[in-house]
Structures are given as C-alpha cells and as structure tokens.
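# Architecture at a glance
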Amino acid sequence: MTRAVLSLGSNLGDRLGHLRTALVTLGDSVLVASGVYETPAWGDTEQPAYLNAVLLVADPAAGPHDWLARARAAERAAGRVRDPLRRFGPRTLDVDVIGVWTDDDRPVLSDDPELILPHPRAHLRAFVLRPWIDIQPYGRLPGHGWLTDLLTSGPTTADVADLRPRPDLALESTT
C-alpha cells in the first residue's frame, strides 16, 4: 500500500468545480481533503488567483508513478491543457504529487525527472504547507522537517500572509 499527499490548484473557470473534479476522479482513494485556500498566483504572477487544497490518498496497489498518472488523469478530466512555453501559467487544474509513503510509513524518494519525490519546491509553498497542516498537523516533509516549522521558515512572509482560508467553499461535492 502507498499513501500520497497531492496538492490541488485551479485558477481558470469554475475553480472550485475543478478541485471537486479531482476529488471525484481520485474516487475511493481519497482519505481526507483539506480546507480550501485562495492565493495569488505563484511564479507567473500576471494571472487570476488560485484556489488550493491538499488531499491525502491511499491505495494498496498504487506506486509513485500510479499517483502521477492519476494526478494527470484528474487534470485531463478538468480540461487541463499544458502550455510548454508557460511553466507556471494559468490552469483549470494542477495536481502535484508532493510525497509518497510505503505501508510501513517510509517515504519514497525519487530523482526521476518525471517524478521527483518529495516535491522539490513543496517546502517553499505556503499554498501546499498550510492546507497539508489541516489534514496532518504533525506531518513531516521528508528531507525538510515538520510542516509547521517549514511554514514559518520556508515561504516568504508575504506568501503566508496572502494565503486566505475560504471556509465558505467546501471541497466535498454538494450534489
């Protein structure tokens, strides 16, 4: 069995609907979803604000590349089109595999260019760390430390200050 932490982000169209599409696409593998947060765009800042969330998922048959395939399937289901010329551009849905753990709670490490684990920039992203703390308050990012410590030392103060909880938006489908 493996568990994974997946980060979700959307800033085009029905942002909440796209996050929910990921939840539906991932189906029964979803154990828990964080709250929803709104953040300004990161990297390429000339674009609409994002809605972000984090999921904890598990599947006895899934390996690290299976999680990547499922992440991409969720993106396709939300109509994601990758622009090779704009790496941090706007998107209907972005699903990143942040970390993967074995059934005995060992982190999976990978330097495969297609799937680097843990995610190489997760420790710098408030929009990953804060929602992850919602679902694993005592969580650790392999090779970096406790999530709460990372949130106060990794992202810039502005990134943390710009992160807005959206309790008015529920990730679970209302239908």
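Residues numbered from 1 in each chain as written. Predicted model: local features only at pLDDT ≥ 70, side-chain atom pairs only at ≥ 80, totals over all residues. Heavy atoms only, no water.

For the protein chain, the count of helices and strands is 5 helices and 10 strands. Each of the three principal axes of the protein chain carries a C-alpha extent, and together these read 40 × 35 × 35 Å. Burial status across the protein chain gives 51% buried among its 175 residues. Contacts in the protein chain between residues far apart in sequence, at least 24 positions, make up 69% of those at least 6 positions apart. Of the roughly 8,700 Å² of accessible surface on the protein chain, a fraction of 55% belongs to carbon and sulfur atoms. Where the 18 positive side-chain charges of the protein chain centre and where its 23 negative ones centre are 2 Å apart. (Helix = DSSP H or I, 4+ residues; strand = E, 2+ residues; numbered from the N terminus. Buried < 20%, exposed > 50% of the residue type's maximum accessible area, 1.4 Å probe, protein only. Contact = heavy atoms within 4.5 Å. Areas by Shrake-Rupley, 256 points an atom, 1.4 Å probe, with all protein chains shown as cover. Lys, Arg positive; Asp, Glu negative; His and termini not counted. Charge placed at Lys NZ, Arg CZ, Asp CG, Glu CD.)

Counting buried positions along helix α3 (residues 126–135) gives 8 out of 10 residues, so the element sits mostly inside the fold. Where α3 is concerned, the buried positions are A126, F127, V128, L129, P131, W132, I133 and I135.

So, on to the confidence of the model for the protein chain. Mean pLDDT over the protein chain: 91, with 94% of residues reaching 70 or higher. Taking the mean pLDDT of every element in the protein chain, the minimum, 80, falls on helix α5 (residues 157–161) and the maximum, 97, on strand β4 (residues 50–59). (pLDDT = per-residue confidence, 0-100.)

Glancing now at the nonpolar core. Within soluble globular proteins, side chains that are nonpolar tend to cluster in buried spots. With 29 residues, the main nonpolar core has L8, L55, V95, V97 and L171 as its most contacted residues. The set of elements that each furnish at least two residues to this core consists of β1 (2–10), α1 (15–26), β4, α2 (64–77), β5 (94–102) and β7 (115–117). The residues touching L8, leaving out its near neighbours within four places in the chain, are L19, A22, L51, N52, A53, L55, D94, V95 and L171. Of all hydrophobic cores here, the second largest spans 19 residues; its members include V54, V128, I133 and I135. (Core = buried A, V, L, I, M, F, W, Y, C linked by side-chain atoms within 4.5 Å.)

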